[in-house]
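Chains, contacts and geometry: an overview
Listed below are the residues making up each chain.
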Amino acid sequence: MRYLIGLIFFLSSLTAQVTDKNFKDEVGDGFTVVVFTSEWQEQELDGSILKGVGGFEDAQILTVKSADLKKVCKKLRLRNFPSIALFHEGSKIDTWKADMDGEVECDASDIKKAISEVMAGDQF
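Predicted, not measured: the structure shown is a model, and the values here were computed from it.

Quick notes on the rules
- Residues numbered from 1 in each chain as written.
- Predicted model: local features only at pLDDT ≥ 70, side-chain atom pairs only at ≥ 80, totals over all residues.
- Heavy atoms only, no water.
- Pairing = 2+ DSSP bridges.
- Helix = DSSP H or I, 4+ residues; strand = E, 2+ residues; numbered from the N terminus.
- Patch = residues over 30% accessible without salt bridge, like charges linked within 9 Å, V, L, I, M, F, W, Y side chains within 5 Å.
- Areas by Shrake-Rupley, 256 points an atom, 1.4 Å probe, with all protein chains shown as cover.
- Salt bridge = Lys/Arg side-chain N within 4 Å of Asp/Glu carboxyl O.
- Lys, Arg positive; Asp, Glu negative; His and termini not counted.
- Charge placed at Lys NZ, Arg CZ, Asp CG, Glu CD.
- Buried < 20%, exposed > 50% of the residue type's maximum accessible area, 1.4 Å probe, protein only.
- Axes fitted to C-alpha atoms, helices over the stretch in contact; angles between N-to-C directions.

Attention shifts here to the pairing of strand β4 (residues 91-96). Alignment of strand β3 (residues 83-88) against β4, held across 5 bridges, turns out to be antiparallel. Directly across from isoleucine 84, in β4, lies its bridge partner tryptophan 96. Counting the residues that bridge the hairpin from β3 to β4 gives 2 residues, and of these glutamate 89 lies at a positive phi of roughly 50 degrees.

This part takes up a positive patch on the surface. Positive charge collects at one region of the surface, where Arg77, Arg79, Lys92 and Lys97 lie side by side. Among the secondary structure elements, arginine 77 is positioned in the loop between α3 (70-76) and β3. Using a relative accessible area of 58% as the deciding quantity, one classes arginine 77 as exposed.

Now for the sheet that holds β3. Taken in spatial order, the 4 strands make up an open sheet running β2-β1-β3-β4, and their pairing is mixed. What marks the edges here is a single partner per strand, and that holds for β2 (60-65) and β4. Taking the axes of each pair of neighbouring strands and ignoring which way they run, one obtains an average angle of 25 degrees across the sheet.

On to unusual backbone geometry. That bond from phenylalanine 81 to proline 82 is cis: its omega, 5 degrees, falls within 30 degrees of zero. Relative to the elements of secondary structure, proline 82 occurs in the loop between α3 and β3. Here glutamate 57, not a glycine, exhibits a phi torsion of approximately 55 degrees, which is positive. Structurally, the position occupied by glutamate 57 is in the loop between β1 (31-37) and β2. Positive phi outside glycine occurs at aspartate 58, with the angle close to 65 degrees.

So yeah, pure geometry; function would need other evidence.
Okay, here's the thing in structure tokens:
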């Protein structure tokens, strides 16, 4: 029974909620594509936008709720959702914000291009 409780505690720590306090730690390693969502958004993010991005140059995709990251959303000036931000080693590289209709004007090639540009800059 003690081992079962320890396993449950360990597994729950793996799915910890991302908040303003731990956001910097979550995006601090390599490339992280963050999808910001909200309860009131009218439409979901088109899945093809992120197709092939996860794993490209070891990029990770993180989906977060804007209600849990009020300070981060304010700093990034995100008002419409879903919106996407690219981080490298904790620093924001680019953002793709939803328009008033909830449409994000980017696709996987735009995100991959932004990652490649950072990688090209790291080589020199």
